[in-house]
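One letter stands for each residue in the lines below.
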Amino acid sequence: MTTVERQSTAAPTKVVGQRMARQEARGLVSGRARYVGDIFLPGMLAVKAKLAPYPNARIVRIDTSRAEAHPGVVAVITHEDVPNNRHGIFTPDQPVLADDYVRHIGQPVAAVAAADELAAADAVELIEVEYEPLEPVLDALAAMEEGAPEVHEGGNVAPVSADGARVFHIRKGDVEAGFAEADLIVESEFTTQVREHAPMETHASVAEVDATGKVVIHSCSQAPHLHQISLCSILGLPFHRVRVAGGRAGGGFGSKNDLCIDHITALLALKAQRPVKWIWTREEECLLSSKDQAYARLRYRSGVKRDGSIVAREVEAVRDNGAYTIFGVPDAVTKIGVYAPGPYRIPNYHYQGQVVFTNKPPAGAMRGYNVADAHYACEAHTDEIAEALGMDPLEFRWRTFVDEGDEGSTGAPVHGATIRQCMRAAAEAFGWKLTEDGAVKPEVTNPSPQKRRGVGICAGWQGSGSTGGGDTATAEVEVLIDGSVICRTGAVEIGAGEGTTLGMIVAEELGVPLDQVTMVLGDTESTPFDLGTLGNRITYLQGVAVKRAAEAVRHAAVAAAAEVLELPEDDLEVVDGVIRSRSSDQQMSYAQVGGACKFALGRELVGHGRYLSSASPLDPETGLGNPTEQVIFAAMMVEVEVDTRTGKVDVLRSVLVHDVGKAINPLFVEGQMDGGMAFGVANALIEDFYPDYPDIDTGARGFHEYKLARMVDMPDDHTNVIVEIPSRHGAFGAKALGEYTANLQAPAIVNAIHDATGVWIEHLPATPPKLLRALREAGVS
Amino acid sequence: MTAPTRTPDYRQPITDWHRPLADATFRAPQSVDEAVALGAEDEDVRYIAGGTALVRLGRWGGSVGPSLVWLGQIDELKTVTPFEGGLTIGSGVVNGRLIRDANLVQDAPALGQAASVIAGTAVRNLGTVGGNVAIDGSLGPALVALGGEVVLRSGSGERTVEVQDYVAEDGIDEDTPLVTAIRVRTDLPAQSYQAMLGASAAAAMRLDGDVCTAVRIGLGGLDLATRRLTEAEGLLTGQRLTDDLVAQIGEIADRSARDGQEPDADFEYVCTMARVMTERAVDAAAGRPLR
Amino acid sequence: MEHDIAFTLNGRDVQADSVRSTTSLLEVLRERFGFTGARPGCLSGDCGCCNVHLDGDVVPSCLVLAPMVTGRQVDTVESLGAPDGLNALQQAFCDNLAAQCGYCTSGQLMSAQALLDVNPEPTREEVKAWMNGNLCRCTGYYKIIDAILDASRRMASGDGDGQGTSAPSGPPDPTAASTTRPSGLH
């Protein structure tokens, strides 16, 4: 049963808070919904690319002449065809098509547009590329040493600031003094694996050139406006000559945050002067898009007192960033430092983060973006401390949870600290006893000598929106002459119900039913700027922008009605979508006001809304500041069964708790929490993308090798608990959620495995072979 | 706890990218004789039934060969025919039928258990018994436990080869023999198939109380050629099943998997699973608790 | 080698001319007939996004070579029900939020429909065993299972098609299965 804990005393709502189906639900279930790959244009060509067959090689020569002569081929491009061949959201270091070197397996070197896929693929094989293979940089820690081969000139550790510093620090308080006070110092070290986002829709792109010469790209991007910036730079075209027409993706999970396909199709469409389409194979999806980050080192050192208080914590993080920067600096290296210490009261904190280049596909952002890694390391470390103190893991956490107004990891006070409410809800649903005297974990019974059961816990926090300021959202709401409503935002519907959620906010604000509202999403030509559907930001940030836009249009409607009815504005109120006079029986519908605006008053009935998060960048010296406006909290408990003869782990039951502030649509909230379960369970137990890289045959070539969580991997007995303690900022009190739901499972499961067997998993995932080896070393198998 | 590392040669380029399939001739004979004749005339012919292996794998490199002969229209390959003490399962019987056909489940439960770990429902509706017999692991261990024999037809006539020999390609000398059927025995009713990452085992037994009076055991895996554990069968036959005895069976399975080699860490796990799955198959077939 | 392939598609006799032997059924459905509900996800039979019915059995259309469907019956998700005439399973998918990004949804529906066709009242365990080859990266599968069991109940109670039930954007029945965690638990 889904439990809802409410502290809200807000005004009753009619649309917001309802369990509503998606606006496009009927299209999705009847095969009618359109994705980019479903677009067929007259004269359209198919695209294939020549991919780097080596992890690291110098390009000696590229000869495309035989490919150009192949029947059906219309255009072939190499780096020589790219006006500006370097791009990157923070650091422009990634080539569109490789020129001097290839730096990871699968990097595109050339691309072909031809009559059909087979002709394009055959032509690709006729492109001759002569390489000089070089020793690849594979191990991030080894890459940091003096004399290691370099991925890029200038060293493998990325500069984190303009002055060339290569370590990012957060220094709060005095850690040395803190450690001196400690009764006990606990150290742990962890690593995490590379994962693949694996949206069911691989990247697809259709590009065409219209009659005016404008490039139009039908894109599955999560961030059309961000991509437009890079595309204009690459193509050397002004913004009004490049349109990214998106708005829907078949899943993203961060893989569609950064530009990796649309630039190549745009270049080919321009060269061929024909529409082109590229749908990636699953193998291309594996190798050409950015990957999840792997942490080659997550070292924790904590000083604690016998009473359970933490007096000092040091965290050292080394991110294996693959071949190019993308989000690595300054974003990733900052973000993990902010959340690494966990939702605890820690007066003295020192974080050191580094980002290292290796000859692997570049690390971008994936659902959970660094914070998932931090949760795993922090919460396993927390259990180690509890064990060292001889304290119940829940009790230890309870004694040291951060409370309202406490100093956070970067010095700013924490507002909206609700970890205690989340954890109490988890404990109640799971049966982990929490009293004034302490905590008692639930008893478990082993079903047989070789099958052992245990319980695990995780507490967590994360931010809303991107880290460190500049996060802005804009929206426009228009009332048409029949009273129907169009809301335009740059957000993209990637499956979480972004469009319907925002539409519900608009409908609520205007007092109209949801089916009177149409959302126009993610098109650089028809929607206002937005960073995109990423970083936990749509409901929280974009929600405020659309709410304000709706408010603005409501005010404009009232003003227009006042003019038409010749009544003072303050005599008018909006009730159930009708503008009524308080003093008389006069009233106007939105349709009447819309018509009056258009034909009598000569004005548009349009409202604009924007929101700029109050978060700010961290101080580059101290790492202190206020990197997020709204911290969000969550808690989880699981019970697992470990087969000590095979190393297989079954998750038997789970409780996941999120404080969402206000569930705009509880059905969607559950959907996100359910989906986070599949991500999280697989992160804990299954997914390891290319453990043998540069041998990619054991993972990175498709779903036959790279396994996702399946139906049978999920615990049947799973409970979502939705806590609603309103945000001071978000629309109707809503906080962020979507990205965050995948972060708590791995630590909770790892802690449960420890509870069951005494073994610590220090490198994710706990695959059966790996766990069995550990069990044997510990003498448990 | 350290993970095993491989050191692949970075100078070896990847050449078998996933790409569209090159064209091929495609012929659909209506009878086994016709199919055999097509196979005999051209050494490049590949028989294709469900295509779940050939089409899937062919896309890496982009070829299913120049000449396909599709067996899907030959009805005689899709039948299951009983004979005294066994069943002749046509090579074109789809794997899903091993799970859904009540008679098959009754007579050869290990086959259904094995089929249920092959891919998903949809793929099992395409993939056939004849296509899966040569894939290590998969149906192989269950077929071995049922005394499976592969019926082969070629230009030179019909022959039968035991499944484990067929897999090892022992005694197959003609070009492109057509698998027409698998004959399995239903003489040992107590059956179980157990699988875990890289190793699967099947046992078929006849029991008299807790004494095993007859047994066949099959073992295989992705990197473990399908085999029959005759030494283990000899040890079990006529014996009362005890924990110690089953552990000895597991020991034999482990040794067989190792094949005298010192395995790397990945294969060490496969060997251990060979042991554990074999023990569990024997225990489950005998109705004993799994260890 | 090119083939002219005649078959029955969603109840109508059709012919695809000059199709190469190694063209997949998936490509024919999408490119020749515009039935884009079946979608490429892996082209290796591992995800289920392209599942269709072939002579009533659910199969991955990416692994079926086009000439293999000659004379046979192919049904795609578009045959289940149009947006204004959803069948019970489709309606249950809507009401239970069984589709998030929607990309795998057609394949999930075709697998689930094949299950309900042979087993109208499956248990939760039967649903899981049958559906295990259909990957979904969004839902964690919970609401897909809920929807299939919900559809089974709707069919048993005679609430067959989706007509007359909740509008797409209206609030679904508050007693719908989506309000509770999986049924049939301890």
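Above this text is the structure in question.
This is a predicted model, so every value here is computed, not measured.

A few points about the overall build of chain A
And then number 1: Of the regular secondary structure elements, chain A holds 18 helices and 31 strands.
And then number 2: On C-alpha atoms alone, chain A measures out to a radius of gyration of 27 Å, which is about the 28 Å that the 2.2 N^0.38 rule sets for 781 residues.
And then number 3: Dimensions of chain A, computed from the C-alpha atoms along their principal axes, are close to 80 × 80 × 55 Å.
And then number 4: Classification of the 781 residues of chain A by burial places 68% in the buried group.
And then number 5: Here the contacts in chain A between residues at least 6 apart in sequence split such that 79% fall between residues at least 24 apart.

Concerning helix 9 (residues 328–339) of chain A
Residues and elements named next belong to chain A.
And then number 1: With twelve residues, helix 9 extends 16 Å from end C-alpha to end C-alpha; this agrees with the ideal 16 Å at 1.5 Å per step.
And then number 2: For helix 9, the buried fraction is high: eleven of the twelve residues fall into the buried class.
And then number 3: As for helix 9, its buried residues are in contact with strand 10 (168–172), strand 16 (294–304), strand 17 (310–320), strand 18 (349–356), helix 10 (371–389) and strand 21 (451–462).

What to know about the side chain of B:E149
And then number 1: As for its placement among the helices and strands, B:E149 is situated in strand 6 (residues 149–154).
And then number 2: Those residues in contact with B:E149, other than ones at most four positions away along the chain, are B:T160, B:V161, B:E162, B:V163, B:A181, B:I182, B:R183 and B:R185.

A look at unusual backbone geometry
Residue and element names in this part refer to chain A.
And then number 1: In this model, V329 is joined to P330 through a cis peptide bond whose omega is 0°.
And then number 2: One can find P330 in helix 9.
And then number 3: The omega angle of the peptide bond from Y693 to P694 is 10°, so this bond is cis rather than trans.
And then number 4: At E566, a position not held by glycine, the phi torsion is positive, near 55°.
And then number 5: Take E566: its relative accessible area is 72%, and that puts it in the exposed class.
And then number 6: Phi at D576 takes a positive value of approximately 50°, unusual for a residue other than glycine.
And then number 7: Structurally, D576 can be placed in the loop between strand 25 (572–575) and strand 26 (578–581).
And then number 8: For D576, a relative accessible area of 53% translates into the label exposed.

With respect to the sheet that holds strand 27 (residues 587–589) of chain A
Strands belonging to one sheet form pairs held by backbone hydrogen bonds; the direction of such a pair is parallel or antiparallel.
Residues and elements named next belong to chain A.
And then number 1: Strands sit in the order 25-26-27 across an open sheet of three strands; the sheet is antiparallel. The open sheet terminates on both sides in strands that have one partner only, identified here as strand 25 and strand 27. Here the average twist between neighbouring strands, direction ignored, is 25°.
And then number 2: Of the strand pairs in this sheet, strand 25 and strand 26 are connected by four bridges, and their pairing is antiparallel. Residue pairing for strand 26: L572 is matched across the bridge by S581.
And then number 3: With respect to the sheet, helix 15 (residues 590–601) is in contact with strand 25, strand 26 and strand 27, its orientation differing from that of strand 27 by roughly 80°.

Rules used in this analysis
Residues numbered from 1 in each chain as written. Chains lettered and ligands numbered in written order. Predicted model: local features only at pLDDT ≥ 70, side-chain atom pairs only at ≥ 80, totals over all residues. Heavy atoms only, no water. Helix = DSSP H or I, 4+ residues; strand = E, 2+ residues; numbered from the N terminus. Rg over C-alpha atoms; globule rule 2.2 N^0.38 Å. Buried < 20%, exposed > 50% of the residue type's maximum accessible area, 1.4 Å probe, protein only. Contact = heavy atoms within 4.5 Å. Expected span 1.5 Å × (residues − 1). Pairing = 2+ DSSP bridges. Axes fitted to C-alpha atoms, helices over the stretch in contact; angles between N-to-C directions.

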